[in-house]
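The residues making up each chain are set out below.
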Amino acid sequence: MTAPIDDVATTLAQAFAHDPLMCSFFPYEQNSSALSYYTFRFLISHSLANGEVTLAHANNQIVGAALWLASENAEHTLMDEIRHGGIAMLDKQGVKAILRQIRASAQMQQLHETLINAPHYYLYILGLIEEARGQGLATQLITPMLERADLEQKSCYLDTHNEANINLYRHYGFEVVHEGVMKGLKVRHWVMIRQPRNS
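What you see is a predicted model, and the numbers here were worked out from it, not measured in a lab.

Cut-offs applied
- Position numbers for residues count from 1 along each chain, tracking the sequence in the order it is written.
- Since the coordinates come from a predicted model, pLDDT governs what is reported: local features require at least 70, and pairs of side-chain atoms require 80 or more to be given and counted, while whole-chain, interface and lining totals use all residues.
- No hydrogens and no water enter the side-chain calculation; it runs on all heavy atoms of the structure.
- Cavity and pocket criteria rest on a 1 Å grid covering protein atoms alone: a 1.4 Å probe that fits but cannot get out defines a cavity, protein on both sides within 12 Å along at least 5 of 7 lines defines an open pocket, and an atom within 4 Å of a point defines a lining residue.
- Grid points are joined across faces, edges and corners, and a volume is the space filled by probe spheres set on the points.
- Going along the chain from the N terminus, every DSSP run of H or I of four or more residues is numbered as a helix, and every run of E of two or more is numbered as a strand.
- Basically, the charged four are Asp, Glu, Lys and Arg, the nonpolar ten are Ala, Val, Leu, Ile, Met, Phe, Trp, Tyr, Cys and Pro, and anything else, Gly included, counts as polar.
- With a 1.4 Å probe rolled over the protein chains alone, any residue whose accessible area is under 20% of its type maximum counts as buried; one over 50% counts as exposed, and the rest are partly exposed.
- Criterion for a salt bridge: a side-chain nitrogen of Lys or Arg within 4 Å of a carboxyl oxygen of Asp or Glu.
- Put simply, buried Ala, Val, Leu, Ile, Met, Phe, Trp, Tyr and Cys residues joined by side-chain atoms within 4.5 Å make one nonpolar core.
- We call two residues in contact whenever any of their non-hydrogen atoms come within 4.5 Å of each other.

J.: It is not clear to me how the layout of surface pockets should be interpreted in this structure. Could you clarify?
T.: Empty space left among the atoms is revealed by rolling a probe the size of a water molecule over them. Estimated volume of the second largest pocket: approximately 200 Å³. Around the second largest pocket, the lining residues are Gln107, Met108, Gln110, Leu111, His178, Gly180, Val181, Met182, Lys183 and His189. Among the secondary structure elements, those contributing two or more residues to the lining of the second largest pocket are helix 6 (95-115) and strand 5 (174-181). Looking at the lining of the second largest pocket element by element, the count peaks at 4 residues for helix 6. Taken together, the residues of the lining of the second largest pocket break down into 4 nonpolar, 5 polar and 1 charged.

J.: Explain unusual backbone geometry here, please?
T.: The general pattern is negative phi for most residues beyond glycine and trans for most peptide bonds. Located in the positive-phi region is Asn60, a residue other than glycine, with phi close to 60°. By the element assignment, Asn60 lies in the loop between strand 1 (51-58) and strand 2 (61-70). Under the relative-accessibility criterion, Asn60 is labelled exposed at 78%. With phi around 55°, Gln153 is a residue other than glycine that occupies positive phi space.

J.: Where do I start with the pattern of salt bridges in this structure?
T.: It is possible for side chains of opposite charge to pair when their charged atoms get near one another. Following the criterion strictly, the structure yields 7 salt bridges and no others. Ionic pairing is found between Arg194 and Asp150, a salt bridge with its closest N-O pair at 2.8 Å. Placement of Arg194 in strand 6 (residues 188-194) and of Asp150 in helix 7 (residues 137-152) is noted, with a sequence separation of 44 residues between them. There is no split in this pair, since Arg194 and Asp150 are both buried. Note that Glu152 and Lys154 form a salt bridge whose closest N and O atoms lie 3.5 Å from each other. On the accessibility criterion, Lys154 (22% relative accessible area) is partly exposed. Linked through salt bridges whose partners overlap, the residues forming this network are Glu163, Glu179 and Arg188.

J.: Quick question: what am I supposed to make of the nonpolar core here?
T.: In summary, soluble globular proteins display a tendency toward joint burial of nonpolar side chains. The biggest cluster of nonpolar side chains holds 38 residues, and the ones touching the most others in it are Leu12, Leu21, Phe40 and Ile125. Counting residues per element, the ones that place at least two in this core are helix 1 (5-15), helix 2 (20-25), helix 3 (33-50), strand 1, strand 2, helix 6, strand 3 (120-128) and strand 6. Of all the elements, helix 3 adds the most residues to this core, at 6 residues. Once you skip the residues sitting within four places of it in the chain, Leu21 turns out to touch Ala104, Met108, His161, Met182, Leu185 and Val187. Counting residues in each nonpolar core, the second largest holds 26 residues, with Leu126, Leu137, Cys156 and Trp190 among its members.

Right under this line is the structure:
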């Protein structure tokens, strides 16, 4: 990825402006994007160091991104939190918002470890700004890693908190393996897994 992290974080913050989980982290903000920017900046930095970031462009602008991690790199250590922007998150978002994110991350991580044990790829984040949706750009973002997973005969795993995303992911071979409500957040949570296809 050659684009500045700040530009990609801004794009993802816009793409997730109405995402139920992101909005639950900042329940008293009319526009969560200004705060979620720091979360995405952390996630992008961590993914660049430990996984892969793929970008979608339109009219010479970044309009979307996919963040992927190999399963062995999916967890954050304390040093990761510090190295990739956790202090800025705390400063800009406040303690309560950080605690909401920590609790949500812990729930998803525990479920992740329960539902799949074999080495796999984790689709950490997939986002496109609203005006770029429906143009086939999601395929550009997601297909290269799915092809790699098929070649290596590895499954792919993702979380979503938006029911409208489920059919999109089913189009790429993912199936729902868990549906529930996240404790303390009242946000619905789906886990989807894609089994590798024969190469």
